[in-house]
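# Observations on chain architecture
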Amino acid sequence: MGIFRIHQGTVKTGSQLFIGDGRKAFRVNHLLKLQGEQSQEVSSAGPGDICAVAKVDSIHFDAVLHDSHDEDHFYLEPLTFPEPMSSLAIDTVRHGDEQKLSDALHRMTLEDPSLIVEHRESQNETVISGLGSAHLQMVLEKMQAVYNIDVNTRLPGIPYRETILTASEGHHRHKKQSGGSGQFGEVFLRIEPLPRGAGFEFTSEVVGGVIPSQYIPAVEKGVLEVMGAGAIAGYPMQDIRVVVYDGKHHSVDSKEVAFVTAGKRAFLDAISRADAVLLEPYMALKVTAPVWSVGDITGHLSADRGVITGSESRDGDEVCIEAEVPLASTMEYSNALKSMTAGEGEFSMTFRRYEQVPATVQKALIAEACA
């Protein structure tokens, strides 16, 4: 059903209407007025009426319907929607429904701009975000009732990262002989931490051709494999500088695959002595709530490793609280805030930076990865 409000003019059964600046018109075969769950077919409707037409797939949110190309330039002023407050990771119960789920989510986001869908490659999960738990529950119910898709839900994964705290060196000699030509490559490298957010740097200080220049990219490829897969808990690594400074090659047995393996294992050797740690994302959290709930909110944030960075009084007995808090502590914050403010509070979050996780958290995450 395409539902629209008439602002001016008259729509009649049989009218030809254009959608936005589209060149192809559609015919209004059945004009409906909606009354709750009931619909009543009418012959015409005028300004102020809310009507619907069925089976016109090209009607979309914010579209302007009109009957002349002279009105192609009319657009509605964009609406600003609240920031999402709840998120769920979803996947299909039935194998083979993945494309069906993708199509359904695409359709539902066109109908509901406050529903946000994203695929997070680092966790390999699809996450839906909405205005609250009730909103997401309605989305899941519609997915089952309208599109016949059953899904599993869970809290989204936390995009942890790995890095190092100290500089170190690593070495590996890869030698393999199994009949015919073998494999040989030897790599010496050193690593050092970079400032938070600096990313990854790779340089070569090899001289004298001890590692031929055509094999240096293979060493970097091996290092990047570890950077992507992680070294201690399976999370991507960041903020590391790698310098290859020495090595050996064989005129017959050296080949790219040998230096990929040698670079990978030399890098892992260096990491084992570089105080590798896990990092977690910290968010800038802004909460708007009634003034009488401030004590509960600040206490809750402090208990969840959050740090209050400021507060500001607003008109109408409201206060805006700003804090920095680990993303892991906000997974179910929507429900907690609803409870603390009797449903009157709202919040928004933006990514701030990565920080080292506490030792107890790191130990638990490593144990989970190794289980």
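Quick caveat, the model's predicted, so the values are computed rather than measured.

### Remarks on the overall build of the protein chain
- For the protein chain, the helix and strand inventory stands at seven helices and 22 strands.
- Relative to its length of 371 residues, the protein chain is extended, with a C-alpha radius of gyration of 29 Å against a globular reference of 21 Å.
- Taken across its 371 residues, the protein chain has 39% of its residues classed as buried.
- For the protein chain, the proportion of contacts with a sequence separation of at least 24, taken over those separated by at least 6, is 73%.
- Looking at the protein chain as shown, the accessible area adds up to about 20500 Å², and 50% of this sits on carbon and sulfur atoms.
- Here the protein chain contributes 33 positively and 51 negatively charged side chains, and the mean placements of these two sets differ by 7 Å.

### Comments concerning the nonpolar core
- V187, L189, I191 and F267 are the most contacted members of the largest nonpolar core, which totals 27 residues.
- Among the secondary structure elements, those contributing two or more residues to this core are β16 (183–193), α3 (216–229), β18 (240–248) and α4 (256–271).
- In terms of residues, this core owes the most to one element, α4, which gives seven residues.
- Those residues in contact with L189, other than ones at most four positions away along the chain, are S168, E169, G170, V223, V242, V243, V244, Y245, G263, A266, F267 and A270.

### Examining the layout of surface pockets
- Taken as a whole, the largest pocket encloses approximately 1200 Å³ of empty space.
- In terms of lining, the largest pocket is formed by 38 residues, of which the most central are I3, F4, R5, A63 and L65.
- For the lining of the largest pocket, the secondary-structure elements that each account for two or more residues are β1 (2–5), β3 (16–19), β9 (65–66), α1 (98–111) and α2 (133–147).
- Residue contributions to the lining of the largest pocket peak at four residues, all from β1.
- In the lining of the largest pocket, the residues fall into 20 nonpolar, nine polar and nine charged.
- By volume, the second largest pocket amounts to about 520 Å³.
- Elements with a minimum of two residues in the lining of the second largest pocket: β10 (86–92), β11 (116–120), β19 (276–290), α6 (333–341) and β22 (346–356).
- For the lining of the second largest pocket, the element with the most residues is β22, which contributes five residues.
- Looking at the lining of the second largest pocket residue by residue, the classes come out as 14 nonpolar, seven polar and three charged.

### Some words on the environment of H69
- Relative to the elements of secondary structure, H69 occurs in the loop between β9 and β10.
- On the basis of relative accessible area, H69 is assigned to the partly exposed category, the value being 30%.
- Linking H69 and M1, residues 68 residues apart in sequence, is a C-alpha distance of 24 Å.
- Beyond its immediate chain neighbours, meaning those up to four positions away, H69 contacts F18, G22 and R23.

### Some details on α2
- Over its 15 residues, α2 runs 20 Å from end to end, which matches the ideal 21 Å to within 8%, given 1.5 Å per residue.
- Among the residues making up α2, those that are buried are H135, L136, V139, L140 and M143. Buried residues along α2 cover an arc of 140 degrees about the axis, so they all sit on one side. The exposed residues of α2 that point more than 90 degrees off its buried face are A134, M138, A145 and V146.
- One or two positions beyond α2, positive phi appears at N148, with a value near 55 degrees.

### Quick notes on the packing of helix α5 (residues 294–303) against α6
- Contact pair α5 / α6: the axes reach a minimum separation of 9 Å and the direction vectors enclose 150 degrees. Relative to α6, the element α5 lies roughly antiparallel. Taken as a pair, α5 and α6 cross one another with a handedness that is right-handed. The residues of α6 that touch α5, namely those facing D296, I297, H300 and L301, are Y333, A336, L337, M340 and T341.
- Within the contact of α5 with α6, the residues separate by chemical class into six nonpolar, two polar and one charged.

### Here we look at the pattern of salt bridges
- A full pass over the atoms with the stated rule returns 20 salt bridges.
- Between R94 and D97 there is a salt bridge, with its nearest N and O atoms 3.1 Å apart.
- Residue R94 is classed as partly exposed on the basis of its relative accessible area, which comes to 33%.
- Given the relative accessible area of 11%, D97 is considered buried.

Cut-offs used in this document
Residues numbered from 1 in each chain as written. Predicted model: local features only at pLDDT ≥ 70, side-chain atom pairs only at ≥ 80, totals over all residues. Heavy atoms only, no water. Helix = DSSP H or I, 4+ residues; strand = E, 2+ residues; numbered from the N terminus. Rg over C-alpha atoms; globule rule 2.2 N^0.38 Å. Buried < 20%, exposed > 50% of the residue type's maximum accessible area, 1.4 Å probe, protein only. Contact = heavy atoms within 4.5 Å. Areas by Shrake-Rupley, 256 points an atom, 1.4 Å probe, with all protein chains shown as cover. Lys, Arg positive; Asp, Glu negative; His and termini not counted. Charge placed at Lys NZ, Arg CZ, Asp CG, Glu CD. Core = buried A, V, L, I, M, F, W, Y, C linked by side-chain atoms within 4.5 Å. 1 Å grid on protein atoms, 1.4 Å probe; cavity = no way out; pocket = protein on both sides within 12 Å on 5 of 7 lines; lining within 4 Å. Points joined across faces, edges and corners; volume = space filled by probe spheres on them. Nonpolar A, V, L, I, M, F, W, Y, C, P; charged D, E, K, R; others polar. Expected span 1.5 Å × (residues − 1). Arc of directions from axis to C-beta. Axes fitted to C-alpha atoms, helices over the stretch in contact; angles between N-to-C directions. Parallel < 35°, antiparallel > 145°, perpendicular 65-115°, else oblique. Left-handed = near helix turned anticlockwise from the far one by under 90°. Salt bridge = Lys/Arg side-chain N within 4 Å of Asp/Glu carboxyl O.

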